[in-house]
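Next come the chains, spelled out residue by residue.
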Amino acid sequence: MIEKYLEISPEVKKALEEGKPVVALESTIISHGMPYPQNVETALNVEKVVRDNGAIPATIAIINGKLKAGLSEEEIEYLGKKGYSVMKVSRRDIPYVISKKIDGATTVAGTMIIAEMAGIKVFATGGIGGVHRNAQETFDISADLQELANTNVAVVCAGAKSILDLGLTLEYLETFGVPVIGYQTEELPAFYTRKSGFNVNFRLDTPEEIAEFLKAKWALNLKGGAVIANPIPEEYQMDYDTITKAIEDALKEAEKLGIKGKETTPFLLAKIKEITGGESLKSNIQLVYNNAKLAALIAKSL
Amino acid sequence: MIEKYLEISPEVKKALEEGKPVVALESTIISHGMPYPQNVETALNVEKVVRDNGAIPATIAIINGKLKAGLSEEEIEYLGKKGYSVMKVSRRDIPYVISKKIDGATTVAGTMIIAEMAGIKVFATGGIGGVHRNAQETFDISADLQELANTNVAVVCAGAKSILDLGLTLEYLETFGVPVIGYQTEELPAFYTRKSGFNVNFRLDTPEEIAEFLKAKWALNLKGGAVIANPIPEEYQMDYDTITKAIEDALKEAEKLGIKGKETTPFLLAKIKEITGGESLKSNIQLVYNNAKLAALIAKSL
Amino acid sequence: MIEKYLEISPEVKKALEEGKPVVALESTIISHGMPYPQNVETALNVEKVVRDNGAIPATIAIINGKLKAGLSEEEIEYLGKKGYSVMKVSRRDIPYVISKKIDGATTVAGTMIIAEMAGIKVFATGGIGGVHRNAQETFDISADLQELANTNVAVVCAGAKSILDLGLTLEYLETFGVPVIGYQTEELPAFYTRKSGFNVNFRLDTPEEIAEFLKAKWALNLKGGAVIANPIPEEYQMDYDTITKAIEDALKEAEKLGIKGKETTPFLLAKIKEITGGESLKSNIQLVYNNAKLAALIAKSL
Ligand SMILES: [Mn+2]
Ligand SMILES: [Mn+2]
Ligand SMILES: [Mn+2]
């Protein structure tokens, strides 16, 4: 039944059949993450990083109502050009995009779902969604966290942006039994920075150890994914105080302007980019490359 | 094993075997929704609306410890006469009612569970439960929402009563990946009124489009249901300001009287009925008919 | 696959194969619950209580990376001597302990998981985790509650300690469809005391009735466990006002000292023990024996 809706590219299909390592990549970064043609360039570079580290990339998206695991260069170009007009797709949105035969850029949750359908175990992205600041009042909690609780895909990321409430995010993941592994670190990284002030659950220092962890988890049918938190390389990280102040200033301005709900995150991200003068985008790109590399190494060890 | 506990009426069984459209209906409205004999009359009318629109009704309840999908007129009469003495049954209560061999009137969650067991995909009701106002403090969140996240049944309703916190309810559903579809509307209806001030996730304008959405969802094993929000017909809706004021007054009185927890909802509903002079019950009945009709049309397209 | 990781003791294996009653027991109480050698003594006594009531005990732990259902006396001695150096293991921790080939003492959640893998349906412990006081702000909610929502094991306990917020714990369990049964009581017991001020969902007065309830639940594939709340025997219960005051004093002191997050629970428990002069430990041991007995009787009726 799923075959009717899911198209795995020939290269990815072959790799999966032969038991070769495959790494899923998301497409929200292509259509919503940065302007064209920088987005296409970055997407192709991420795929190259995966290949250079011995795995096959499978960029995930929905095109014309078909779930895609593995995009051609033309398809990446297509999504990159369409940009913001492509719908952002999380769990609840998938049936809509399919039944309307339209395009969709998959979030962390959306990508995990399609990766699992295709049989891909490791996924590299920038950062995961989480519990938003002030979620005690708003209940604004990303669907990514429930996906991590339920879907068997390891998500290699640079932690989560500290526009989220990282402490509450860790509590939520603990309640739902999702492990948070630090790669060569005891501290949860906060996307732009290697520091956050919060601890991960487990520090593991090699891709092999992470693969052993994942194999044990899934062999025991302990459903769900894992957060593999991979700190941004030191040379690309932003200054902790600068980024913290930028986020605080952005939060204050959002409050002053009465910005609420769904508008908050895009506002904060734009504001931070403005405050940090584009440095944040550069860091963002580099941390994705770094995650693609680690994901490839983990996939090879699985 | 389930056969030992589940009794599907001959008519419903035949319809399911022949792939004919079936619509599940709940029984809390019979025993707890209004006085006898109006409740029995209404229940039979709802069934008639389903039939008039080309589907077979399957009213769901528990009688003498047996799960029932499809009630006879005698059984509806029996539940209607017993009224409030019938236990209201959600997920956690089902094993109790079975092991004690007693009767149960199923809530939205309870009805979804039995509908899924019987193989029924579409269910018409009045409104769903949700996140209660002040749930930030009380954690009072209806089990209906988890059922929507987990059980493969589409729930056609007129939204949710605004004695609930509709904004928090939408956030909760988003976190758990439950789609909220507006039938011919972009705005979430609020039971007695067509307006709420909140948007649905997707507007779909025909039963066929809704059926296509559901088919895609379940074909992909994207577990869980969907909220099909169907606004009350204009001629029966209550005045937005009147109902809003009635709810606010009722909330204030509840606070003044120190009414808390489980007592709050029945108190508010009784108070609103009192304030609106019975007009609310009339609206309630009409919106259920309206939902039964849409549910039949969706079931026919599935 | 699971066989590679799970070792069921010969006695437990034989009992399961022959359909004889088995009761799971947790190991956190051994390594983290009290000092050596009292912990070993207690663990062996609990096993004896299970046997004396006609069932086979299966103490659950992880030793050297192997999941164990049924420990030898030597293994209990080993865990008891190692004490606090044994890692406390909940759902998210299991793959870590396995892949590192280390030891783990299982919490309620961890024990439920391994019991279910082994095919054991009833588990006796002291108290379950829950929603922590002030979780509205901290989101500190024990993973035990999600395990109860998802894993098919009945947990016989003396309720939950009132250092938790028992009202919020009941709301959370209700949302996730977990039944809370009171054994011969309508009131939820609060570990050290038979009273809490909160009601259970259902009162059942015999092990047979509880077994009938569980059989109905699982026959219908209503996934998840149940809380079987068994009040501490009257002769061992602590004075309600004394324990309430001790908890309030401990909470105040924690706040004054700025103790937060993970440090709170151990601090509170140590403080309460200090305030109550060791009487609380004695009560703790007696209520575990009492739960082991009821669990054996339920297992015999299943
Ligand atoms: Mn959100
Ligand atoms: Mn409630
Ligand atoms: Mn906690």
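Not measured: the values here are computed from a predicted model. (Residues numbered from 1 in each chain as written. Chains lettered and ligands numbered in written order. Predicted model: local features only at pLDDT ≥ 70, side-chain atom pairs only at ≥ 80, totals over all residues. Heavy atoms only, no water.)

Participant: Mind showing me how you'd approach the environment of Thr151(C) here?
Facilitator: All names here are of chain C. With respect to the helices and strands, Thr-151 occurs in the loop between helix H8 (143-150) and strand E8 (154-157). Judged by its relative accessible area of 2%, Thr-151 falls in the buried class. Beyond its immediate stretch of four places on either side in the chain, Thr-151 contacts Arg-91, Met-112, Ile-113, Glu-116, Gly-224 and Gly-225. Side-chain polar atoms of Thr-151 contact the side chain of Glu-147, separated by 2.6 Å. (Helix = DSSP H or I, 4+ residues; strand = E, 2+ residues; numbered from the N terminus. Buried < 20%, exposed > 50% of the residue type's maximum accessible area, 1.4 Å probe, protein only. Contact = heavy atoms within 4.5 Å. Polar contact = N/O pair within 3.5 Å; in protein donor to acceptor, adjacent residues only side chain to side chain.)

Participant: Looking at this structure, how should I read the relation of the copies chain A and chain B?
Facilitator: Between the two copies of this chain, the relationship is a rotation about some axis together with a displacement along it. Once chain A is rotated about the relating axis by 120 degrees and shifted along it by 0.0 Å, it coincides with chain B to within an RMSD of 0.0 Å. The operation mapping one copy onto its partner corresponds to a three-fold rotation axis. Residues of chain A ranked by C-alpha distance from the rotation axis are headed by Gln136(A), positioned 3.7 Å from it. Of the interface residues in chain A, just 10% have counterparts in chain B that sit at the interface too, so the contact is made through distinct surfaces. (Least-squares fit on C-alpha atoms with pLDDT ≥ 70 in both.)

Participant: Would you mind going over the UniProt feature "active site" (unreviewed entry) in chain A with me for this structure?
Facilitator: All names here are of chain A. Mapped onto the present numbering, the UniProt feature "active site" (unreviewed entry) falls on Glu-26 and Lys-161. Note on placement: Glu-26 falls in the loop between strand E2 (22-25) and helix H2 (28-32). Beyond its immediate stretch of four places on either side in the chain, Glu-26 contacts Thr-59, Ile-60, Thr-106, Thr-111, Phe-123, Ala-124, Thr-125 and Gly-126. A polar atom in the side chain of Glu-26 sits 2.9 Å from the backbone nitrogen of Thr-28. Here Lys-161 lies in the loop between strand E8 (154-157) and helix H9 (166-175). Once residues lying within four places of it in the same chain are set aside, the contact partners of Lys-161 are Leu-166, Ala-190, Phe-191, Tyr-192 and Leu-269. (UniProt positions renumbered as here; feature names shortened; annotations may be inferred.)

Participant: Honestly, the relation of the copies chain C and chain B in this entry has me stumped. Any pointers?
Facilitator: Least-squares fitting of chain C to chain B yields an RMSD of 0.0 Å, with the transformation described by 0.0 Å of translation along the axis and a rotation of 120 degrees. A low fraction, 12%, of the interface residues of chain C reappear at the interface in chain B, so the copies pair through non-equivalent surfaces.

Participant: How should I be thinking about the packing of helix H3 (residues 38-52) of chain A against helix H4 (residues 73-82) of chain A in this particular structure?
Facilitator: All names here are of chain A. Across the interface, H3 lies against H4 with an axial gap of 9 Å and an inter-helix angle of 145 degrees. Note on packing geometry: the crossing formed by H3 with H4 is right-handed. Where H3 abuts H4, its residues Asn-39, Val-40, Ala-43, Leu-44 and Glu-47 lie against Glu-73, Ile-76, Glu-77 and Gly-80. Of the residues that constitute the contact of H3 with H4, the class distribution is 4 nonpolar, 2 polar and 3 charged. (Axes fitted to C-alpha atoms, helices over the stretch in contact; angles between N-to-C directions. Left-handed = near helix turned anticlockwise from the far one by under 90°. Nonpolar A, V, L, I, M, F, W, Y, C, P; charged D, E, K, R; others polar.)

Participant: Where do I start with the interface of chain A and chain B in this structure?
Facilitator: You'll often see interface size given as the accessible area lost when the parts meet. With 29 residues of chain A at the interface, the matching set in chain B holds 26 residues. In terms of surface lost to chain B, no three residues of chain A exceed Arg91(A), Arg92(A) and Phe139(A), which account for 32% of the buried area on that side. Between the two partners, chain A and chain B, sit 2 salt bridges. The partner of Glu209(B) in a salt bridge is Lys100(A), with the nearest N and O atoms 2.3 Å apart. In this assembly, chain A and chain B are joined by 4 residue pairs in polar contact (both at pLDDT 80 or more). Mapped onto the side of chain A that touches chain B, the elements with two or more residues apiece are helix H5 (94-99), helix H6 (108-118), helix H7 (135-138) and helix H8 (143-150) of chain A. (Buried area = accessible area lost by both parts, 1.4 Å probe. Salt bridge = Lys/Arg side-chain N within 4 Å of Asp/Glu carboxyl O.)

Participant: How do you make sense of the pattern of salt bridges when you look at a structure like this?
Facilitator: Opposite charge on two side chains permits pairing when their charged atoms draw close. As enumerated under the stated definition, the model contains 54 salt bridges over all chains in all. In this structure, the salt-bridge partner of Arg51(A) is Glu11(A), at a minimum N-O distance of 2.5 Å. Residue Arg51(A) is located in helix H3, and its partner Glu11(A) is located in helix H1 (residues 10-17); the two are separated by 40 residues in the primary sequence. For Lys215(C), the salt bridge is made with Glu212(C), and the minimal N-O distance between the two is 3.2 Å. Residue Lys215(C) and its partner Glu212(C) are both found in helix H10 (residues 207-219); the two are separated by 3 residues, about one turn of the helix. Residue classification places Lys215(C) among the partly exposed positions, given a relative accessible area of 34%. You can call Glu212(C) partly exposed: its relative accessible area is 40%. One connected set of salt bridges, linked through shared partners, spans Glu7(A), Lys68(A) and Glu75(A).

Participant: Could you clarify how one ought to interpret the domain arrangement of chain A in this entry?
Facilitator: Residues and elements named next belong to chain A. The domain architecture assigned to chain A consists of domain 1 (1-120) and domain 2 (125-302). If you average the C-alpha positions of domain 1 and of domain 2, the two centres end up 20 Å apart. Counting from both sides, the interface comprises 26 residues of domain 1 and, opposite them, 23 residues of domain 2. Summing the contributions of domain 1 and of domain 2, the shared interface buries around 2000 Å²; its carbon and sulfur component is 70%. Among the residues domain 1 hides against domain 2, the three largest losses belong to Asn-53, Val-108 and Met-112. Together they make up 31% of the total. With a shortest N-O distance of 2.8 Å, Glu-147 and Arg-91 are connected by a salt bridge. Applying the counting rule to domain 1 against domain 2 returns 5 residue pairs in polar contact (both at pLDDT 80 or more). Those elements that provide at least two residues to the side of domain 1 that touches domain 2 are E2, H3 and H6. Residue composition of the side of domain 1 that touches domain 2, by class: 15 nonpolar, 8 polar and 3 charged. (Domains from an automatic or database assignment.)

Participant: Just to check I follow, could you spell out the packing of H6(A) against H8(A) for this structure?
Facilitator: The geometry of a pair of packed helices is captured by two quantities: the angle between their axes and the separation between those axes. Residues and elements named next belong to chain A. Two elements in contact, H6 and H8, have axes whose closest approach is 8 Å; the angle formed by their N-to-C orientations is 25 degrees. Comparing the axis directions of H6 and H8 gives the class roughly parallel. In contact with Val-108, Ala-109, Met-112 and Ile-113 of H6, H8 contributes Ala-143, Asp-144, Glu-147 and Leu-148. For the contact of H6 with H8, the residue count by class is 6 nonpolar, no polar and 2 charged. (Parallel < 35°, antiparallel > 145°, perpendicular 65-115°, else oblique.)

Participant: What should I look at first to understand the interface of chain C and chain B in this one?
Facilitator: Between chain C and chain B, the residue contacts involve 26 residues of the former and 29 residues of the latter. Linking chain C with chain B are 3 residue pairs in polar contact (both at pLDDT 80 or more), by the criterion used here. Secondary structure elements with two or more residues in the side of chain C that touches chain B: helix H7 (135-138), helix H9 (166-175), strand E10 (202-204) and H10 of chain C. A per-element tally of the side of chain C that touches chain B places H10(C) first, with 7 residues. Of the residues in the side of chain C that touches chain B, the class split is 14 nonpolar, 5 polar and 7 charged.

Participant: Explain the UniProt feature "binding site: substrate" (unreviewed entry) in chain A here, please?
Facilitator: All names here are of chain A. As recorded in UniProt, the feature "binding site: substrate" (unreviewed entry) lies at Lys-88, Val-108, Ser-142, Ala-143 and Asp-144. In terms of the greatest pairwise C-alpha distance, the residues named above, spread along 57 residues, form a tight cluster of at most 13.3 Å across. Here Val-108 lies in helix H6. Judged by relative accessible area, Val-108 falls into the buried class, the value being 5%. If near-sequence neighbours (up to four positions away) are discounted, Val-108 is found in contact with Phe-123, Thr-125, Gly-127, Ile-128, Asp-144 and Val-155. Checked against the element boundaries, Asp-144 lands in helix H8. Looking at Asp-144, the relative accessible area reads 7%, which means it is buried.

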